[in-house]
Structure formats: C-alpha cells, structure tokens
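Structural features, examined
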Amino acid sequence: MPISIDHIIERMGGAEVAARLTGVGTEAVRKWRQSRAIPSRHWPAVSAVTGLSMADLQTDPPDQASGITADATGAVPAGATAVLVLADGTAFWGRGFGAHTQAVGPVGEVCFSTGMTGYQETLTDPSFAGQIITFTFPHIGNVGTNNADIEATTIAARGLVVKQDITEPSNWRSAQPLQTWLRAQGITGIAGVDTRALTIRIRDVGAPTGVLAFPADGRFDLAALRAQAAAWPGLEGMDLAREVTCRQLYRWDETTWVWPAGCGRQEAPRHHVVAVDYGAKRNIMRSLASAGCRVTVVPATATADDILRHQPDGVFLSNGPGDPAATGVYAVPVLRQVLDSGVPVFGICLGHQLLALALGARTYKLARGHRGANQPVKDLATGKVEITSQNHGFAVDADSLPAGVKVTHISLFDGSNEGIASIDQPVFSVQYHPEASPGPSDSHYLFERFVAMMERRAA
C-alpha cells in the first residue's frame, strides 16, 4: 500500500534534506505535500535514501480530485452536472457546458495547454484531434468567439476542461459566446475542475485517457465511463491525419490578418508551393501567401505524382495529429520521392516528424508533450531563443538522425529536438508553429528561409 508523502519526507530527514538530496528547492517539496505526489524523476534518489520500493512511491491520486467533491457514498456531488473520468477511475466533477453527451461520451487523451490567449484557435487546431484539452489559464471564454479566428471548419478536439465558469464575452470582435458556439459544434466542456491538480498529474505521470460525461438527464454510470476510457487504445499507432485532412485539392490566396483591414489576398505571387495537408491550420496558408506564394493544397494521401505534377517551386508539409509512424506508412514513401526530385521542402509539427522519418530517423512519444504559446526554443546556428507556439505529443529522436542531417533547434524545456536540416539538400523543418505569434514574430524568418531556397533553385 502506498505510503503518505509526509511519511516519505520524514524518512528522508525532513523537507530541507529531501530538497537537497533530490536537487530541488523546499518550495518543490511543499508542492509534493500539496499534490500528494512526488514526481517520478525523483523516485530513484528517494528510494536510495529511504529504502522504499517503487511501488511504495507510486502514490495513488485521490478518488475525487476536483473543485466539486463527492461524498462518502459516491453520489453525484451537489452542483455537479458533468464529470471527467480517467481510465484508472479517478473522477473530476464539475459543471458542464456546450453540448450534452450521449450514451458514449467523447473519449481521448487528456492533455494540458498553457496558452494564455487564443483558446478558439487552439480548439480548432486539427493537431488536437483525439485529445481532451485542459486549459491551465483560468479565464477561458472572456473574448467569445468569431468566424475569423478559427483554424479549421470542424473542431477536432474531443472536449475541454476549465477551472472557472465560462463568462459572457467582453470583446468587440465577439460574435457568439463560447458555450453557445461549442453547443452548435457538438463539443462538450466541463468547468469547476481543479485544473492545477489535473495538470500536475499529467506532468508527473503522463497524459491519461479520459472520457467526458454531461448527460441531459443528470445520470452518471461511473463504471461504464471508466470502461470506455480504459478501452480507448491511445494515440500511439493511431493515424489521425486521414480524419482531418482536406478531401480534395484546393487553392489558397488569403494573406495574414493586418490591422485594420483584416485578411487580404495574394495578387502577385512569385512562387508556387504545394502544401500537403496533414491537418493544416489556416494561418499557415495565410503565412505562405503573405510570403509571396501561390498555394495549392493537397490531401495527406496525395501521391508523389499528385504533388509534383503541379511543378511546384517548393513543397510544404503541414502540422497534424496522431502518431507520425502510423501516418508515415503511406506518407514516407511519397516524401522520399519528393526529396529525390530536388524541390525545396519545409515541414512543421507533424510535417517535421514525417520529414525526419523520410530522411531515415525515428520518432517517439513524449511523456507529456508540448502544448502552449510560451515554449522556448534555441536556434543552434545563431544562439537566439525563440518563444514559440507548440502542440505535439511525439518528437524526433535526434540520436537517430542519419549522416547528412543536422539538428538546428532544441527545446529549452527538455532538450528534445525542435528542428532539423539536410546538409546537402534544400530541406528543413521545425517542430513548432512559426505561423503563430507568441514572440510575436520570432519565427517568421523560417518562411523567408523557405522562399530564399526557392529563389536560389530558380536562379
């Protein structure tokens, strides 16, 4: 049976000794007590000092870990109209909003996003397919929703979790309250959850599978919900690009939003780019158009002939959801033919991972993923640090990169790979979203680099 955190800290010699032995501050030890969990990365050190086994250190989360708690009988807590149930049976009770759920609720990987703005862009980012998003920022819904800020016409995320109740919007651009827009989209949300506790759990243990329930009749079958969550296979091995890609070729000429006119139109393109849509965001296409490109978008399942018959000056590989190894089954052979053609290639997010696979590297699933608009990335060539927007749960294994491919960027959070480039070919990619604006323009130079490659090839 797991031992209490207080007892473990006492066996280590107290908070100050525990902090020194694990290389953290006493504030971190205080947070261990508060969350009733010691991060798994410290378990070896704790075990060596206390003689406790890993099983002893595997502290179970409380049965009810939300702002609304159930009583001893397990009855629905007062005021609760919705619940998030994890595969291990942990229940986070709260107040539902958006669309009511049916007999089978939305199931997915529960992740967290640290972005302080742009919740509508986050929800409509196709890269969130198969995921339930926990927003760590408390004020979600305060700017409402509008038709200009969506990144895709269909919401791919399975649902959302927030701390505070959604409030009425207070923004001149708002056309509809968030909860009304979600209801129309068929998406469920839950408010009143202790998102800090849920985020700490994800940080320390990894992203769990969960299911949302917001039944119209207020009746909950927790055992059935847990079974639904436990039966979901997880994102590893899952090809989701097929679900979110476009169904047929289309052209794009809209440019980025500029005050006060809004989005414009590309009227004098200098280059033709074929963009492979693995789950592309609209603002990526706008950024390419603003960089002087005429953009032809093709589905994720496009063949090399489908791409190259347009005689593009460059090929862009978009973001997208799911396991790159699964999508790579059909995408990698195509990309190898594209690489053989010598055309410049630029990839981001899933496109970065697929390009790495095509070049001979491997990918792996991150324990927690990177999701938010405050992710620091270092450019190894210049030493500069970019503040980037990211949304990915898989990464490129830098140690698996073949000769002729170099690492160009790394994450300053965990040292994982954030960019690669071919030494001999006009080919490069980054793990993050250069079209986003957290910096606000730290990463826009990547589009300029892509254009410069196309110009050199044409010269």
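Everything in this summary refers to the structure shown in the same document.

As for the environment of Trp43
Mapped onto the fold, Trp43 is located in helix H4 (residues 43–50). Taking the C-alpha atoms as reference, Trp43 lies 35 Å from Tyr119; in sequence the two are 76 residues apart. Here Ile38 takes part through its backbone oxygen, which lies 2.9 Å from a polar atom of the side chain of Trp43.

Re the environment of Val46
Residue placement: Val46 occurs in helix H4. Classification of Val46 by relative accessible area gives buried; the value is 0%. Each C-alpha atom, one on Val46 and one on Thr22, is 7.4 Å from the other, the two residues being 24 residues apart in sequence. In contact with Val46, other than residues within four places in its own chain, are Ile8, Met12, Thr22, Ile38, Gly51 and Leu57.

As for the environment of Asp204
Assignment of secondary structure puts Asp204 in helix H8 (residues 195–205). For Asp204, a relative accessible area of 8% translates into the label buried. Residues Asp204 and Gln131, spaced 73 residues apart in sequence, show a C-alpha to C-alpha distance of 18 Å. Among all residues touching Asp204, those that are not within four sequence positions of it are Pro39, Ser40 and Arg368. Only 2.8 Å separates the side chain of Asp204 from the side chain of Arg203, close enough to count as a polar contact.

A look at the packing of helix H1 (residues 5–12) against H4
One way to put it is that H1 packs onto H4 with a least axis distance of 9 Å and a crossing angle of 60°. Taken together, the axes of H1 and H4 lie oblique to each other. Here H1 and H4 pass one another in a crossing that is left-handed. Mapping the contact onto sequence places Ile8, Arg11 and Met12 in H1 and Val46, Val49 and Thr50 in H4.

Focus on the packing of aromatic side chains
Applying the stated rule across the entire model yields 7 aromatic pairs. When the centroid spacing of 6.2 Å and the interplanar angle of 80° are considered together, the rings of Trp172 and Trp259 count as edge-to-face. One end of the pair, Trp172, is in the loop between strand E5 (159–161) and helix H7 (178–185); the other, Trp259, is in the loop between strand E8 (250–252) and strand E9 (271–277), with 87 residues separating them in the sequence. Judged by its relative accessible area of 66%, Trp172 is exposed. Take Trp259: its relative accessible area is 60%, and that puts it in the exposed class. Note on Phe316 and Phe346: the rings are 5.4 Å apart at their centroids and 75° apart in plane angle, and the pair reads as edge-to-face. Linking Phe316 in strand E11 (residues 314–317) with Phe346 in strand E12 (residues 345–348), this pair joins segments that are 30 residues apart in sequence. Taking relative accessible area as the criterion, Phe346 reaches 0% and is therefore assigned buried.

Rules used in this analysis
Residues numbered from 1 in each chain as written. Predicted model: local features only at pLDDT ≥ 70, side-chain atom pairs only at ≥ 80, totals over all residues. Heavy atoms only, no water. Helix = DSSP H or I, 4+ residues; strand = E, 2+ residues; numbered from the N terminus. Polar contact = N/O pair within 3.5 Å; in protein donor to acceptor, adjacent residues only side chain to side chain. Buried < 20%, exposed > 50% of the residue type's maximum accessible area, 1.4 Å probe, protein only. Contact = heavy atoms within 4.5 Å. Axes fitted to C-alpha atoms, helices over the stretch in contact; angles between N-to-C directions. Parallel < 35°, antiparallel > 145°, perpendicular 65-115°, else oblique. Left-handed = near helix turned anticlockwise from the far one by under 90°. Phe/Tyr/Trp six-rings, centres within 6.5 Å; stacked < 30°, edge-to-face > 60°.

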